[in-house]
Amino acid sequence: MKASTEGPALLAVPPAPRAGREHRRAWLSTALFVGPLLAVLLAFLIVPAFAVLVGAFRADGVDGAPGGFTLAHLRELAQPQYMTGLRNSLLLSGGSAVIGTVIGGLLAYAVMGDGGPAWLRNPLIAFSGVAANFAGVPLALAFVATLGTTGMVTRLLSGIGINLYQHGFNLFTFGGLMLVYAYFQIPLMVILITPALDGLRREWREAAENLGASAAQFWRMVGLPVLAPSLLASAVLLFGNAFSAYATAYALTSGALPLLPLQIGAVLSGNVLSDPHLGQALALLVIAVMTVTMLAYTTLERLGSRWRR
Amino acid sequence: MRASPAAQGGRWLVILLGFLYFFLPILALAIFSLWAGGTRYDFSAYAHILQDPQFRQTFGLSFMLALETIVISLVLVVPAAFWVNLRAPGLRNVLGLLSVLSFVVPPIVLVGGLSALYRGPEWFVGTPQFLVAGYVVLALPYTYRTLDTGLRALDLQTLSEAAQSLGAGWGTLLWRVILPNISAAVLGAALLTFAIVLGEFTFANVLLFNTFAVYINYIGQTQSTPAAALSLISLAVTWLAMLVMLRVGRGRVALGGTR
């Protein structure tokens, strides 16, 4: 028998003669503990996702039987309304991601940067965690009550002679939606960028100052280059966050604005005369964009975490 | 270094504008929910809602679905996360990958896949219980991460060996040793799931089930004041769940499941 300090190691490596049986038992208990979760995920995430991918290439069969493979549905995506939907989705996600990154980053830095009000730090983080999850139907209705045609701010402003809706503002259009999306994008940015801001060490700033750098020089040559991967990673995640959103846009515009997720919803609910394979082709487009987004995010995140130890 | 007055001014301007932007919609929602026509303000919208049987029905349905999702998620995720931390660290990457996959496949796409794949049996697909399958998947990244964080803080090796040397089986170990030790994480995961399911709109709307969020949206198209009151109630319940979660779980909330 070996020294008792190697106890756990002995447990992990079973004696040679019983290895086969032990191995089988370990495999069996792994299947027992992790298997059910994997089975549920297989049935309700992986296989459905796969069905969407395959369905996008399937032709209609006779009497519900699957047909052969075709690229016809993918070609249907070239129709102007779907290209508009894709363009709108990309612009909305990109625009709200930029707004979220800039304002969320500034807000996080205003509170948590050097010399910021320390007492606001925890309230801001807690509030951001909560506000990043305030979305969907209630958020849309909150903005209708604020900036809708009879919203509080709209009426207040018209009371002092500024008529928003006569000046071209409309909550129920693309620009209005961008404003609403910012409500969950900005707090998400605060959550995402906080670790990177914390990693921006005070000594670097002091060192830069001792070498005679101005604040602008510090940011241009040290601060922003260090933060850049984290900022980009967060922006990319914000983009994906908006790109996959459905409920907020649906509730605000009743599904009328041409956005990719809303178009998928319309095809699925049968509001539009169309075949399910078209919906799957549209879904394929969303999955493709989201895959690129998540790949970019993981790569950038890895780069950004270099400075955080 | 002392920040310049200009920089301090900029700092407080950003904080003030941020505060206004986040506070105004909630204030407007609250005021709007009290509006009773003309210049009268009272609680009639709330009274109206409480008398509406559909409110009780849809809230009750979403509440039940949330409970079912919580129980099923915990039964699935606790043993899996436990085993991954104790014996099968190699599977950590698999579960991490699956969490990412549920971001890559947004709810609107997933519900399309589910409805294309499962057309029967009627007792499963035809009832709101079908939603639970999607909700478990939707909540997984959050439940898994919350529980995983809780389990990582424990010395699982020692706890397991001690319990087993006293004759406990795996069931006893999980139920009477592990679960009480991660009660904060379990509560956190449960509250997060509750908030996600209560606000979930996409699945229910596409599959034509009348849940709470679908009901709010429907009311919102015809009666704006009660809809504002409902939104405020939904907001309060969600925020309460989130705040308790932040307090007990000390976990970070990143992305929600209802947008």
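- You'll find chain B entered in an unreviewed UniProt entry as Spermidine/putrescine ABC transporter permease, with Deinococcus aquiradiocola given as the organism.
- Word for word, the UniProt comment on chain B under Sequence similarities (unreviewed entry) is "Belongs to the binding-protein-dependent transport system permease family."

- As annotated in an unreviewed UniProt entry, chain A carries the name ABC transporter and is attributed to Deinococcus aquiradiocola.

## A word on the packing of helix α6 (residues 137-147) of chain A against helix α8 (residues 174-199) of chain A
All names here are of chain A.
1) Next: Two numbers describe how α6 lies on α8: the axes approach to 10 Å, and their chain directions differ by 125°. Taken together, the axes of α6 and α8 are oblique relative to one another. Of the two possible hands of crossing, α6 and α8 adopt the one that is right-handed. Contacts from L139, F143 and L147 of α6 reach α8 at L179, V180, Y183 and F184.
2) Next: When grouped by side-chain class, the residues that make up the contact of α6 with α8 number seven nonpolar, no polar and no charged.

## A few points about the UniProt feature "transmembrane region" (unreviewed entry) in chain B
Residues and elements named next belong to chain B.
1) Next: Look at the UniProt record and you will see "transmembrane region" (unreviewed entry) annotated at residues 12-38, 58-82, 94-117, 123-144, 184-208 and 228-249.
2) Next: Annotated as residues 94-117, this span is 92% helix and 0% strand, and its ends, taken at the C-alpha atoms, are 24 Å apart.
3) Next: A helix fraction of 86% and a strand fraction of 0% characterise residues 123-144, whose end C-alpha atoms lie 29 Å from each other.

## What to know about helix α4 (residues 92-104) of chain B
1) Next: Its 13 residues place the ends of α4 of chain B 19 Å apart at the C-alpha level, agreeing with the 18 Å of an ideal helix rising 1.5 Å per residue.
2) Next: Taken as a whole, α4 of chain B has its buried residues at L95, L98, S99, S102 and V104 of chain B.

## Some words on unusual backbone geometry
1) Next: Although it is not a glycine, S254 of chain A adopts a positive phi angle of roughly 50°.
2) Next: As for its placement among the helices and strands, S254 of chain A is situated in the loop between α11 (247-253) and α12 (260-269).
3) Next: A positive phi angle, close to 60°, is found at L208 of chain B, a residue other than glycine.
4) Next: Relative to the elements of secondary structure, L208 of chain B occurs in the loop between α11 (202-206) and α12 (212-222).

## Let's talk about the interface of chain A and chain B
By convention, interface size is frequently given as the accessible area that disappears when the constituent parts associate.
1) Next: Taken together, the contact between chain A and chain B spans 86 residues of the former and 77 residues of the latter.
2) Next: Contact between chain A and chain B buries roughly 7,000 Å² in total, counting both sides, with carbon and sulfur atoms accounting for 77%.
3) Next: It is F33, F44 and N133 of chain A in chain A that bury the most area against chain B; as a group they hold 11% of the surface buried on that side.
4) Next: Applying the counting criterion to the chain A and chain B interface returns seven residue pairs in polar contact (both at pLDDT 80 or more).

## Some thoughts on helix α9 (residues 170-181) of chain B
One turn of the α-helix equals 3.6 residues, which is why residues spaced by three or four share an orientation.
Residue and element names in this part refer to chain B.
1) Next: Across its 12 residues, α9 extends 15 Å between first and last C-alpha, which sits within 8% of the 16 Å expected from 1.5 Å per residue.
2) Next: Along α9, the positions that sit buried rather than exposed are L173, L174 and I178. One side of α9 holds all its buried residues, which, seen down the axis, span an arc of 90°. The outward face of α9, more than 90 degrees from its buried face, is lined by the exposed residues G171, W175 and R176.

## Concerning the UniProt feature "transmembrane region" (unreviewed entry) in chain A
1) Next: Per the UniProt record, "transmembrane region" (unreviewed entry) is annotated on residues 31-57, 90-112, 124-148, 169-197, 217-240, 247-269 and 281-300 of chain A.
2) Next: End C-alpha atoms of residues 124-148 of chain A are separated by 28 Å, and the span's content is 76% helix alongside 0% strand.

## Side note on the UniProt feature "domain: ABC transmembrane type-1" (unreviewed entry) in chain B
1) Next: Mapped onto this structure's residue numbering, the UniProt feature "domain: ABC transmembrane type-1" (unreviewed entry) falls at residues 59-245 of chain B.
2) Next: In residues 59-245 of chain B, helix accounts for 84% and strand for 0%; the two terminal C-alpha atoms are 21 Å from one another.

Rules of the game
Position numbers for residues start from 1 in each chain and track the written sequence from start to end. All chains are assigned letters beginning at A, and all ligands numbers beginning at 1, according to the order in which they are written. With the structure being a predicted model, the display of local features is reserved for residues of pLDDT at least 70 and the display and counting of side-chain atom pairs for 80 or more, all residues being used for whole-chain, interface and lining totals. Here the side-chain values reflect all heavy atoms present in the structure, with hydrogen atoms and water set aside. UniProt positions are given in the numbering used here, feature names are shortened, and annotations may be inferred rather than shown by experiment. Axes here refer to lines fitted to C-alpha atoms; in helices the fit is confined to the stretch in contact. Angles between the N-to-C directions go from 0 to 180 degrees. Working definition: helices are DSSP H or I runs of at least four residues, strands are E runs of at least two. Numbering for both runs from the N terminus. Geometric relationships in this document are graded by angle, where less than 35 degrees denotes roughly parallel, more than 145 denotes roughly antiparallel, 65 to 115 denotes roughly perpendicular, and other angles denote oblique. Crossings are assigned a handedness: left-handed for a near helix turned anticlockwise from the far helix by less than a right angle, right-handed for a clockwise turn. By the convention used here, residues are in contact when the closest approach between their heavy atoms is within 4.5 Å. All residues other than Ala, Val, Leu, Ile, Met, Phe, Trp, Tyr, Cys, Pro, Asp, Glu, Lys and Arg, Gly among them, are scored as polar; the first ten of these are nonpolar and the last four charged. Helix span, as expected, comes to 1.5 Å for every residue beyond the first. With a 1.4 Å probe rolled over the protein chains alone, any residue whose accessible area is under 20% of its type maximum counts as buried; one over 50% counts as exposed, and the rest are partly exposed. The quantity reported as buried area is the accessible area (1.4 Å probe) lost by two parts once they are put together, taken as the sum for both. The term polar contact refers here to a pair of N or O atoms within 3.5 Å; inside protein, the definition further demands a hydrogen-donor-capable atom paired with an acceptor-capable atom, and it admits residues adjacent in sequence only when both atoms are side-chain atoms. It is the directions from the helix axis to the C-beta atoms that the arc portrays.

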